[in-house]
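# Architecture at a glance
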Amino acid sequence: MTSGKSHKQVGSVGAVLGLLAVPLLVLALAAQPGRAFPVQSATTASSPASPEEEGAGGEQSPRTIPRIVLGTQTATPGVNVVIALYYTPAQGVELRSLVVEVEWVSKHLQFVRSQRGIAAEMIGANVDSKVTGTRTDSELRERSTLRIDASVVEENPKRGLPEGLLAYLTFRVSPDAQPFAIELRPTLISALDISSPARKIAEAEMENGKVGVELPGLPPYVTCFFFTH
């Protein structure tokens, strides 16, 4: 009787070890380099990524319209401040001429002059600027408008205005100015490409610039108060 029970116990242990041997063998083989096993997932397969999603982590989408960006600078009362004007063309579209107007609250910020930027100098482009008018808005604030004309010199150019720094715009902060932040708001007036006859470009992405005025010697938190009230 004892011998029979012993054989049954041995058989039960052997069955258990046999069941354990299968997953242990799979784990051991999976651990070997270069060996892979298909794994069935309980989740459903994901749908293919859309073109927008595929581009999110890769290269940027081609630019379809030109872009104009004005820089941001900080100054103190009574000094000049220089704002950069940057230009980025649309892909496959080169411009022979570009006209932009910039509007700003001008009581304590007067336009002085403009100079060609590096991109304009590379091809000898013309960059002219002048204040075309001053008006009073609904809040009785004086606003001025600056017109900037950039153009290629050649009559039938093979290339247009290049990407980069197109112009430097110099403004003077009045000596009695208090801490403030004034936006410089650009608007596209006209643009022509280098094709013949020239094609008009009616739309562009515009990014505002800003001039911040800080009083020397004031703690930062005081300046922040004036900027936000």
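As shown above, the structure is provided for reference.
Quick summary incoming for the structure in this document. (Residues numbered from 1 in each chain as written. Predicted model: local features only at pLDDT ≥ 70, side-chain atom pairs only at ≥ 80, totals over all residues. Heavy atoms only, no water.)

It is worth spelling out the overall build of the protein at this point. If you tally the helices and strands in the protein, you get 4 helices and 11 strands. Out of the 229 residues in the protein, the part that is buried amounts to 29%. Considering only residue pairs separated by 6 or more positions, the protein has 75% of its internal contacts joining residues 24 or more positions apart. If you sum the accessible surface of the protein, you get close to 15100 Å²; carbon and sulfur atoms cover 55% of it. (Helix = DSSP H or I, 4+ residues; strand = E, 2+ residues; numbered from the N terminus. Buried < 20%, exposed > 50% of the residue type's maximum accessible area, 1.4 Å probe, protein only. Contact = heavy atoms within 4.5 Å. Areas by Shrake-Rupley, 256 points an atom, 1.4 Å probe, with all protein chains shown as cover.)

Another aspect to go through is unusual backbone geometry. Residues Ser196 and Pro197 are joined by a peptide bond in cis, for which omega reads 0 degrees. With respect to the helices and strands, the residue Pro197 is situated in the loop between strand 9 (180–193) and strand 10 (205–207). In the Ramachandran plot, Leu140 falls in the positive-phi region, its phi being about 60 degrees despite a non-glycine side chain. In this fold, Leu140 is placed in the loop between strand 6 (126–136) and strand 7 (142–151). The exposed category is assigned to Leu140, whose relative accessible area is 74%.

Judged by nonpolar contacts, the single largest core of 40 residues is most densely connected at Leu98, Leu109, Phe171 and Leu184. Contributions of two or more residues to this core are made by strand 1 (67–70), strand 3 (80–88), strand 4 (95–105), strand 5 (109–116), strand 7, strand 8 (164–173), strand 9 and strand 11 (209–213). When residues no more than four places from it in sequence are discounted, the contact partners of Leu184 are Leu70, Ile83, Val102, Glu103, Trp104, Leu109, Phe171, Asn208, Gly209, Lys210 and Val211. (Core = buried A, V, L, I, M, F, W, Y, C linked by side-chain atoms within 4.5 Å.)

Throughout the structure, instances matching the rule amount to 2 aromatic pairs. A ring pair is formed by Trp104 and Phe171, whose centres lie 5.2 Å apart and whose planes are at 80 degrees; its orientation type is edge-to-face. Of the two residues, Trp104 is situated in strand 4 and Phe171 in strand 8; the sequence distance between them amounts to 67 residues. Look at Phe171 and you get buried, because its relative accessible area is 0%. Residues Phe111 and Phe171 carry aromatic rings whose centres are separated by 5.7 Å and whose planes lie at 70 degrees to one another, so their mutual orientation is edge-to-face. Here Phe111 is found in strand 5, whereas its partner Phe171 is found in strand 8, with 60 residues between them in sequence. When its relative accessible area of 17% is taken as the criterion, Phe111 is described as buried. Among the aromatic side chains, those forming a connected cluster through ring pairs are Trp104, Phe111 and Phe171. (Phe/Tyr/Trp six-rings, centres within 6.5 Å; stacked < 30°, edge-to-face > 60°.)

The subject of this paragraph is the environment of Ser196. Its location among the elements puts Ser196 in the loop between strand 9 and strand 10. Residue class for Ser196 comes out exposed when judged on its relative accessible area of 69%. Spatially, the C-alpha atom of Ser196 lies 9.9 Å from that of Pro157, the residues being 39 residues apart in sequence.

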